[in-house]
Amino acid sequence: MKLVIRTAIVAASLLAAAAQAQVTVKDAWVRATVPQQKATGAFMQLQAAKNSKLVSASSPLTPAVEVHEMVMQDNVMKMRQVPSVELPAGKTVELKPGGYHVMLMDLKQQVKEGDNVPLTLVIEGADGKRESVEVKAPVRALNASAQPASHKH
Amino acid sequence: MNHTLTRRTLLTVTALGAIALTACERKTPVTYHGIDLTGATYATDIRLSDPDGKERTLADFRGKAILIFFGFTQCPDVCPTALTRAAEVKRLLGPDGERLQTLFITVDPERDTPEVLKAYTAAFDPSFIGLYGDLERTAQTAKDFKVYYKKVPTGATYTMDHTSLSYVYDPQGKLRLALRHEQPAQDCAEDIRKLLKPA
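What you see as residue numbers is a count from 1 along each chain, following the sequence as written. Written order decides the labels, with chains lettered from A and ligands numbered from 1. With the structure being a predicted model, the display of local features is reserved for residues of pLDDT at least 70 and the display and counting of side-chain atom pairs for 80 or more, all residues being used for whole-chain, interface and lining totals. The side-chain quantities take in all heavy atoms of the structure and omit both hydrogens and water.

Caption draft 1: The overall build of chain A, seen in detail. Looking only at helices and strands, chain A has one helix and ten strands in total. Partly exposed describes any residue whose relative accessible area lies between the buried limit of under 20% and the exposed limit of over 50%, with all areas from a 1.4 Å probe on protein chains only and scaled to the type maximum. Expressed as a percentage of the 153 residues in chain A, the buried residues total 46%. Working rule for contacts: check all heavy atoms of both residues, and any pair within 4.5 Å makes them a contact. Across chain A, the fraction of contacts at a sequence separation of at least 24, relative to all contacts at a separation of at least 6, is 65%. Only the protein chains shown count as cover for residues, and all accessible areas are computed by the Shrake-Rupley method using a 1.4 Å probe. Accessible surface computed for chain A: about 7,600 Å², of which carbon and sulfur atoms make up 53%. Numbering goes from the N terminus for both helices and strands, where a helix is a DSSP run of H or I of at least four residues and a strand is a run of E of at least two.

Structural data, given as C-alpha cells:
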C-alpha cells in the first residue's frame, strides 16, 4: 500500500515535471535524520529536454536549502555550495552521494523514513527563463545507500 | 605434454618458493587493500566521552579490532556512507563481526550533542559508539590521528571539511590500516579478517 502511494506520488511528480519544464525528476529521495539532527541531503536524477541548469532549490521544511557538491581531495571530504548544476539536453544528471546533493539545513523537525519531502527546483533554460519543478521526495533510512533499490538488513 | 606440464609445475613451484623467500626476507607477507600503517607511532590512544558520559580509551576494546571514523552528523553524504559500509563490513565478517568495534568521533562537538550522537550511530548499528570531546580535546585527537577538519561557513550555518579515512586497529590495540572512502566493503572486510587472525 505504502509502495503504491509512493509510486503514485513519484508518477504524479514526474507528470508535473514533464508538463512544466521539460525536466524529469527520477528516484528523488531524502536521507532520514535522527531527532535534533539539523541537516540532511536530497538526491535525485534529473533529465532536461533542452540545455538548462539547476540554479536553486527550496522546501517548506526549512528556509536553508542549498545545492552542494561533495569533492574528495587527498582523502579529505569537502562540501561546497555551487551556483548551478549543468543539465545538458537529454543527459541524465545524478545528484547522488559522492557528487551533488540538495542540502537541507537548519531543520526544525526530524525527517522520518516514509515521509515525503516537498522540494521546488528552479531550472534555468539557455534563454535565461526560469521554471519551477515540484518534487515530492520520499524519505529513506539514514543508512540508505546510493542505489535506489538497496537491500539492507 | 605431460613432460611439459611437469616442467611448468616445477617452474611454478620454484617461482613461488622464490617469492615466498623474498617475502620472508622483507617481512611483508600480508598485503592489504587499505593503506598499511603498521608500525605507525601516532594515534596510540584516544581519551573521549561516549554519549553516556563515560570516558573511553582504546584499552576498553582490547581483543577487538577497532574501526575509527571522524565525521559529523549533519553530513548528508560521506559520513552515512562510511558508517553504512562499516555496518556492512561487520555483517560480512559473520560471527567475527562481533570482534569489530566501530567508533564515530565527531569533529563537530558543538552541534553533535550526546543525544544526537547516540541516535545517529544506532541508526547504522546498535554496537557503534559515538565519541566526543570538548573543542580542545577534539582538536588534539584529530592532530594525533593526522586528521584534517575545518569549519566552513555556508549560508547562515556551517559545514565541516574532514578527512574521510577509516582507521583500523588490530585486537592488540595497534594502529594498522587506513581504509579509503572508495574502498568497497568486501575489501575492507578482507583486510580486517587478516587483522583478526591470531598472530
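Back to the text.
Caption draft 2: Quick peek at the pairing of strand S4 (residues 65–71) of chain B. All names here are of chain B. By the criterion of burial, S4 is predominantly enclosed, with seven of the seven residues buried. Of the two faces of S4, both are covered, the one formed by Ala-65, Leu-67, Phe-69 and Gly-71 as well as the one formed by Ile-66, Ile-68 and Phe-70. Here S4 runs beside strand S5 (residues 100–106); their pairing, made up of seven bridges, is parallel. Within S5, the residue paired with Leu-67 across the bridge is Thr-102. Consider the strands pointing away from the viewer: the crossover is right-handed when the path from the first strand over the helix to the second runs clockwise. A crossover connection joins S4 to the parallel S5 through helix H2 (residues 78–92); in handedness this β-α-β unit is right-handed. Should DSSP find at least two bridges between two strands, the strands are regarded as paired. In terms of strand pairing, S4 meets strand S9 (residues 166–169) through four bridges, oriented antiparallel. By the bridge assignment, Phe-69 is partnered in S9 with Ser-166.

Caption draft 3: Fine view of the environment of Pro76(B). Mapped onto the fold, Pro76(B) is located in the loop between S4 and H2. In this structure Pro76(B) comes out as buried when scored by relative accessible area, which is 1%. In this view, Pro76(B) contacts Arg31(A), Thr40(A), Gly41(A), Phe43(A), Met79(A), His101(A) and Met103(A); residues no more than four positions away in its chain are not counted.

Caption draft 4: Focus on the side chain of Asp112(B). Residue and element names in this part refer to chain B. Position of Asp-112 among the secondary structure elements: in the loop between S5 and helix H3 (114–122). Neither His nor the chain termini are counted; the positive set is Lys and Arg, and the negative set is Asp and Glu. Any Lys or Arg side-chain nitrogen located within 4 Å of an Asp or Glu carboxyl oxygen qualifies as a salt bridge. For Asp-112, which is buried and forms no salt bridge, the nearest opposite charge comes from Arg-111, at a distance of 6.1 Å. Counted as a polar contact is a pair of N or O atoms within 3.5 Å, where, for protein atoms, one must be capable of donating a hydrogen and the other of accepting one, and residues adjacent in sequence contribute only when both atoms are in side chains. A polar atom in the side chain of Asp-112 sits 2.6 Å from the side chain of Thr-73. Engagement of the side chain of Asp-112 in a polar contact is seen with the side chain of Thr-106, the distance being 2.6 Å. Setting aside residues no more than four positions away along its own chain, Asp-112 makes contact with Gly-71, Phe-72, Thr-73, Thr-106 and Leu-117.

Caption draft 5: Just the pattern of salt bridges, in detail. Evaluated as defined, the whole model comprises twelve salt bridges over all chains. With a shortest N-O distance of 3.8 Å, Lys96(A) and Glu94(A) are connected by a salt bridge. Accessibility expressed as a relative area gives 36% for Lys96(A), which makes it partly exposed. Glu94(A) sits in the partly exposed class, given a relative accessible area of 38%. In this structure, Lys90(B) engages Asp125(B) in a salt bridge whose closest nitrogen and oxygen atoms are separated by 3.1 Å.

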